[in-house]
Amino acid sequence: MVFEGLTYGSYTITETKAPSGYVPAAPIQITIDDSNTYRPDHIVAVSEAIKNQHTQLTVIKWDDSGVETLNGAIFRIKNADGKYVIANGEDGAYIFSGFSDSDDGATRFVTENSGSFSLEYLPMGSYTLEEIKAPDGFIILTGSVDFSIQNEKTSVSINNTRIRSTLRLVKS
């Protein structure tokens, strides 16, 4: 990238939009003065690499006490436009690949032995997490969980209530 016609002074180079699935790179500070414009071509090189970090969502499923993680929960994710997330992967590790207009095309995200799943490269924005199957012995969430991807790493924790019943013995 080239910026021409800059006068002496301090400048901040800020990425205003990152590629889909990445967060914007950190701003870079540069000063143009006599110490760095001695070259005949008057080019000032930025020595810092501009690096974009990809996004990573981690969803962790807990029991109602928040002590035990739960595997076997199944979720789907919807963006703010109502489109469902499609991803490739298995064993709790997924990589974003697109959106579907239909929930039939949505990826089913499954919490594995760690009680979690991760989804990388999800574009920044607002999303809704819907539980479509609770782990065995637990009550399915009746509502959805809203979250947003605004940083490199996002974590969402969800608790489920254990199914409890009462047993009454009657002696005759």
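Up top you'll find the structure we're talking about.
All values derive from a computational prediction rather than experimental measurement.

Conventions used here
- Residues numbered from 1 in each chain as written.
- Predicted model: local features only at pLDDT ≥ 70, side-chain atom pairs only at ≥ 80, totals over all residues.
- Heavy atoms only, no water.
- Helix = DSSP H or I, 4+ residues; strand = E, 2+ residues; numbered from the N terminus.
- Polar contact = N/O pair within 3.5 Å; in protein donor to acceptor, adjacent residues only side chain to side chain.
- Buried < 20%, exposed > 50% of the residue type's maximum accessible area, 1.4 Å probe, protein only.
- Phe/Tyr/Trp six-rings, centres within 6.5 Å; stacked < 30°, edge-to-face > 60°.

### What to know about the side chain of E131
Right, on to step 1. Along the polypeptide, E131 turns up in strand β11 (residues 125–133).
Right, on to step 2. In this structure the side chain of E131 is engaged in a polar contact, spanning 2.7 Å, whose partner is the backbone nitrogen of L141.
Right, on to step 3. For E131, the side chain forms a polar contact with the side chain of N160, separated by 3.3 Å.

### Description of the environment of V2
Right, on to step 1. Among the structural elements, V2 can be located in the segment before β1 (9–13).
Right, on to step 2. Accessibility expressed as a relative area gives 67% for V2, which makes it exposed.
Right, on to step 3. In sequence terms V2 and S165 are 163 residues apart; their C-alpha atoms lie 69 Å from each other.

### Describing the packing of aromatic side chains
Right, on to step 1. Considering all chains together, one arrives at 6 aromatic pairs under this definition.
Right, on to step 2. Centroid distance Y94 to F117: 6.1 Å. Interplanar angle 85°. Geometry classified as edge-to-face. Here Y94, found in strand β8 (residues 93–100), pairs with F117, found in strand β10 (residues 116–120); they are 23 residues apart in sequence, far enough to count as distant.
Right, on to step 3. Feature note: the residues F75, Y94, F109 and F117 constitute an aromatic cluster, connected by ring pairs.

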